[in-house]
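Commentary on secondary and tertiary structure
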Amino acid sequence: MNGVFALRYAYRTASQRGEHFYGHVPDCCGDYPIDYFTWVVIDDDRTIVIDAGFTPQTALERGSRPYLATPLELLERLGRRAEDVTDLIVTHLHYDHTGFIDAYPGARVWLQRAELDFWTSPLADRGSFAHLKHEADIAGLRALTGSERLVLLEGDAAIDERVSAHLVGGHTPGMQVVRVETDEGPIVLASDASHFYANLEGDHPYGILYDLGDMYRAFDRLTELAGERGVVVPGHDPRVRERHDAIDAEGRIVRLRAR
Ligand SMILES: [Zn+2]
């Protein structure tokens, strides 16, 4: 099925408002559920996957993350197999975005060089950073370095005629977002440049970040990339299922539209 889709593979309801906004948060301890997504752009001759989720094993290890289906199982429901994936754009290297990087044998992997440099540096082994990485996933990427399968970007890049990657930083040093030009207008996949609509729309950065100034600049860039005709799709917001069209009963596959 051609289109742009969000694939909801897991979720967490044991999650509080204070986790998701930087600084002091009034009503810090109210429930604030989070969804885990990957995304895919399907057209006649390309299948471009954005981000690689986490595995069921990682869900078990971290706990309280009910798992719905792997991103590959959801992709198959849209008629594409892992072997059909031509490109995998990895927005950043937190554990919930790297679990299936090696699952697409024919895909070219697009990542910002600054992101790989950071997560293979000693700083990434320190407390709060180390908690956010999955070591085996980073090692797998490292093994791809120097091969034609891994493209290390240094700024914005066109993936094909309609899909482009844009370096924004902020959440992580090499965080990138993805813009998809559709017939109806642009769809900007923010990933964790804005976890929730309330981050971008309330101008309130997420609680986990690398550079606060760049978080704010990323908000401006997202708005600019969407323009007047487009939409920004946040990386973890259950409301994506309300603002767009869930096409299965369980809300695991959501067709995204610019409107
Ligand atoms: Zn994330």
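Note on numbering: residues in each chain are counted from 1, in written sequence order. For a predicted model such as this one, the threshold for reporting local features is a pLDDT of at least 70, and the threshold for listing and counting side-chain atom pairs is 80 or more; totals across whole chains, interfaces and linings nevertheless cover every residue. For the side-chain quantities, the full set of heavy atoms in the structure was used; hydrogens and water were omitted.

1. Considerations on the overall build of the protein chain
Secondary structure elements are taken from DSSP: a helix is a run of H or I of four residues or more, a strand is a run of E of two residues or more, and numbering for both begins at the N terminus. For the protein chain, the helix and strand inventory stands at 8 helices and 13 strands. It is over C-alpha atoms that the radius of gyration is taken, and the globule rule equals 2.2 Å times the number of residues to the power 0.38. Since a compact globule built from 259 residues should have a radius of gyration of about 18 Å, the 17 Å found for the protein chain is in line with a globular shape. Only protein chains enter the area calculation, which uses a 1.4 Å probe; residues under 20% of their type maximum are buried, those over 50% are exposed, and those in between are partly exposed. Out of the 259 residues belonging to the protein chain, those deemed buried represent 55%. Total accessible area on the protein chain stands at roughly 10900 Å², and carbon and sulfur atoms take up 48% of it. If the 27 positive side-chain charges of the protein chain are averaged to one point and the 42 negative ones to another, these points end up 1 Å apart. A 1.4 Å probe and the Shrake-Rupley method give the accessible areas. Residues count as covered only by the protein chains that appear here. This count recognises Lys and Arg as positive and Asp and Glu as negative, with His and chain-terminal groups excluded. Positions of charges follow a simple convention, taking NZ of Lys, CZ of Arg, CG of Asp or CD of Glu.

2. Quick notes on the sheet that holds strand 4 (residues 87–89)
Spatially, the 8 strands line up as an open sheet ordered 6-5-4-3-2-1-13-12, and their pairing is mixed. Edge positions in the open sheet fall to strand 6 (150–153) and strand 12 (245–246), since each of these has one partner strand only. Sheet analysis places strand 3 (residues 47–50) next to strand 4, joined by 3 bridges and oriented parallel. Residue pairing in the sheet places Ile48 in a bridge with Asp87 of strand 4. A strand pair is defined by DSSP finding two or more bridges across the two strands.

3. Structural notes on the pattern of salt bridges
We define a salt bridge as a side-chain nitrogen of Lys or Arg found within 4 Å of a carboxyl oxygen belonging to Asp or Glu. Applying the stated criterion across every chain yields a total of 22 salt bridges. Salt-bridge contacts for Arg46 lead to Asp160; the nearest nitrogen and oxygen are separated by 4.0 Å. Residue Arg46 is found in the loop between strand 2 (34–42) and strand 3, and its partner Asp160 is found in the loop between strand 7 (157–158) and strand 8 (163–167); the two are separated by 114 residues along the sequence. According to the relative accessible area criterion, Asp160 is buried, its value standing at 10%.

4. Some points on helix 7 (residues 212–226)
To estimate the expected span of a helix, subtract one from its residue number and multiply by 1.5 Å. Counted at 1.5 Å a residue, the expected span for helix 7 with its 15 residues is 21 Å, and the 22 Å between its end C-alpha atoms agrees. Among the residues of helix 7, those classed as buried are Met215, Ala218, Phe219, Leu222, Leu225 and Ala226. All buried residues of helix 7 fall inside an arc of 135° around its axis, so they share one side. Summarising the geometry of helix 7, the exposed residues directed more than 90 degrees from the buried face are Arg217, Asp220 and Glu224. Packed against the buried residues of helix 7 are strand 8, strand 9 (176–182), strand 10 (185–191), helix 6 (197–201) and strand 11 (231–234). In this description, one arc is meant: the one made by directions from the helix axis to the C-beta atoms. Contact criterion: two residues are considered in contact whenever any of their non-hydrogen atoms come within 4.5 Å of each other.

5. Here we look at the coordination of the zinc ion
The protein atoms donating to the zinc ion are Asp96 (OD), His97 (NE2), Asp192 (OD) and His236 (NE2), with metal-donor distances spanning 2.1 to 2.2 Å. Geometry at the zinc ion is irregular, judged from its 4 donor atoms and the angles of 90 to 161° they form at the metal. For the zinc ion, all donor residues lie on one chain, and their spacing in sequence is D-H-x94-D-x43-H. Here Asp192 lies in the loop between strand 10 and helix 6 and Asp96 lies in the loop between strand 4 and strand 5 (108–112), a separation of 96 residues in the sequence. Exposure class is identical for Asp96 and Asp192. Each is buried. Excluding water, the donors of a metal are its N, O and S neighbours within 2.8 Å, or within 3.2 Å for Na, K and Ca, and that exclusion means sites may look incomplete. Any site counts as irregular unless it has four donors with all angles between 85 and 135 degrees, making it tetrahedral, or four or six donors with opposite ones more than 155 degrees apart and the rest between 65 and 115, making it square planar or octahedral.

6. Some details on the pairing of strand 1 (residues 3–12)
For strand 1, a buried count of 9 out of 10 residues is recorded, marking the element as mostly surrounded by other parts of the structure. Bridge count between strand 1 and strand 2: 9 bridges; the pairing is antiparallel. What sits directly across from Tyr11, in strand 2, is Asp35. As paired strands, strand 1 and strand 13 (residues 253–255) are joined by 3 bridges and run antiparallel to one another. In the strand pairing of strand 13, Leu7 is matched with Ile253.

7. With respect to helix 5 (residues 135–144)
When we look at burial in helix 5, the residues that qualify are Asp137, Ile138, Leu141 and Leu144. An end-on view of helix 5 places all buried positions within 110° of arc, on one side of the element. Exposed positions of helix 5 whose direction lies more than 90 degrees from the buried face are Ala136, Arg142 and Ala143. Elements in contact with the buried residues of helix 5: strand 5, helix 3 (113–119) and strand 6. Where helix 5 ends, the next residue or the one after it, Gly146, has phi of about 95°, a positive value.

8. Brief notes about the pairing of strand 10
The buried fraction of strand 10 is high, at 7 of 7 residues. Relative to strand 10, strand 9 runs antiparallel, the two being bridged by 5 bridges. Across the sheet, Thr182 pairs through a bridge with Gly185, a residue of strand 10. With antiparallel pairing between neighbouring strands as the criterion, strand 9 and strand 10 make up a hairpin whose turn holds 2 residues.

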